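Spelled out from the first residue to the last, the chains are:
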Amino acid sequence: MQRTVVLLKPDTIQRGLIGEIIGRLEKKGLKLVAMKMMICGDSILDEHYAHHKDKPFFASLKKFMMSAPLVCMLWEGLDAVDVVRKMTGATNGRVADLGSIRGDLSNSQSNNLIHVSDSAESAQIEETRFFEKGEVFDWKRLADEAVYGEDEK
Ligand code: CMP
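As the structure is a computational prediction, the values presented were derived from the model and not from experiment. (Residues numbered from 1 in each chain as written. Predicted model: local features only at pLDDT ≥ 70, side-chain atom pairs only at ≥ 80, totals over all residues. Heavy atoms only, no water.)

Peer 1: Just to check I follow, could you spell out the sheet that holds strand S2 (residues 31–38) for this structure?
Peer 2: In sheet architecture, strand pairing relies on hydrogen bonds along the backbone and comes in two forms, parallel and antiparallel. Ordered by their spatial adjacency, 4 strands build an open sheet running S2-S3-S1-S4, and the pairing between neighbours is antiparallel. In this open sheet, the two strands that pair with only one neighbour each are S2 and strand S4 (114–116). In this sheet, adjacent strand axes meet at a mean angle of 20° when their direction is disregarded. When S2 meets strand S3 (residues 70–77), the two strands line up antiparallel, connected through 7 bridges. For Lys-36, the partnering residue across the bridge sits in S3 and is Cys-72. Helix H7 (residues 120–130) rests against strand S1 (2–8), S2, S3 and S4 of the sheet, and its axis sits at about 60° to S1. (Pairing = 2+ DSSP bridges. Helix = DSSP H or I, 4+ residues; strand = E, 2+ residues; numbered from the N terminus. Axes fitted to C-alpha atoms, helices over the stretch in contact; angles between N-to-C directions. Contact = heavy atoms within 4.5 Å.)

Following this line, the structure appears as structure tokens:
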């Protein structure tokens, strides 16, 4: 099984969409293995968005990300990184496919509700960036028997 990091951004909290987004991930058959609220400081955002540091929107992105707590989660499943990326949709909510989280719920490029890991490698880096070992739960989910076929587990 693969794990992927999901951060619900301040606009999700402000708009009361936490349950909607978690519900979609649960209904897809993904398994929640860590979840917490967190207010990000400068250093973690500088690290997380290092690849955007020269972009004109870097300062406003950081201000936005610090404007309310994030809901930080770790979801597990077969091909979880690609599955959750597909469910999330394109960066800009105005062009993201309908049916995706951003396509259905966001109308903005910056306030796009959710961050998800973009590769298996970044998922591992982001897991250690946002979670301590003791915050990640290795639990047996009975629904796995129904969610996956015998040959997939
Ligand atoms: P995400 O893809 O999760 O990570 C980078 C974030 O920067 C992106 O979501 C948006 O929240 C934000 N972003 C990307 N492009 C722009 C832009 N042109 N203007 C403002 N914010 C942006």
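Back to the write-up after that little detour.
Peer 1: Could you clarify how one ought to interpret the packing of helix H2 (residues 18–28) against helix H5 (residues 80–88) in this entry?
Peer 2: What describes two packed helices is the angle between their axes and the distance between those same axes. Contact geometry of H2 with H5 gives a least axis separation of 12 Å together with a crossing angle of 135°. Comparing their axes, H5 and H2 come out oblique. The chirality of how H2 crosses H5 is right-handed. Along the contact surface, H2 presents Arg-24, Leu-25 and Lys-28, while H5 presents Val-83, Val-84 and Met-87. Its residues placed into classes, the contact of H2 with H5 shows 4 nonpolar, no polar and 2 charged. (Parallel < 35°, antiparallel > 145°, perpendicular 65-115°, else oblique. Left-handed = near helix turned anticlockwise from the far one by under 90°. Nonpolar A, V, L, I, M, F, W, Y, C, P; charged D, E, K, R; others polar.)

Peer 1: So what exactly am I meant to see when it comes to the site of the ligand here?
Peer 2: Residues in contact with the ligand, as listed here, are Lys-9, Tyr-49, His-52, Phe-57, Leu-61, Arg-102, Gln-109, Ser-110, Asn-112, Ile-114 and His-115. One of the side-chain nitrogen or oxygen atoms of Lys-9 is found 2.9 Å away from an oxygen atom of the ligand. Between Asn-112 and the ligand, the recorded distance is 3.0 Å, taken from a side-chain N or O atom to an oxygen atom. For the ligand, the protein covers 78% of the area, taking 460 Å² as the surface of the free molecule. Within the shell around the ligand, the residues separate by chemical class into 4 nonpolar, 5 polar and 2 charged. (Near = heavy atom within 4 Å. Polar contact = N/O pair within 3.5 Å; in protein donor to acceptor, adjacent residues only side chain to side chain. Areas by Shrake-Rupley, 256 points an atom, 1.4 Å probe, with all protein chains shown as cover.)

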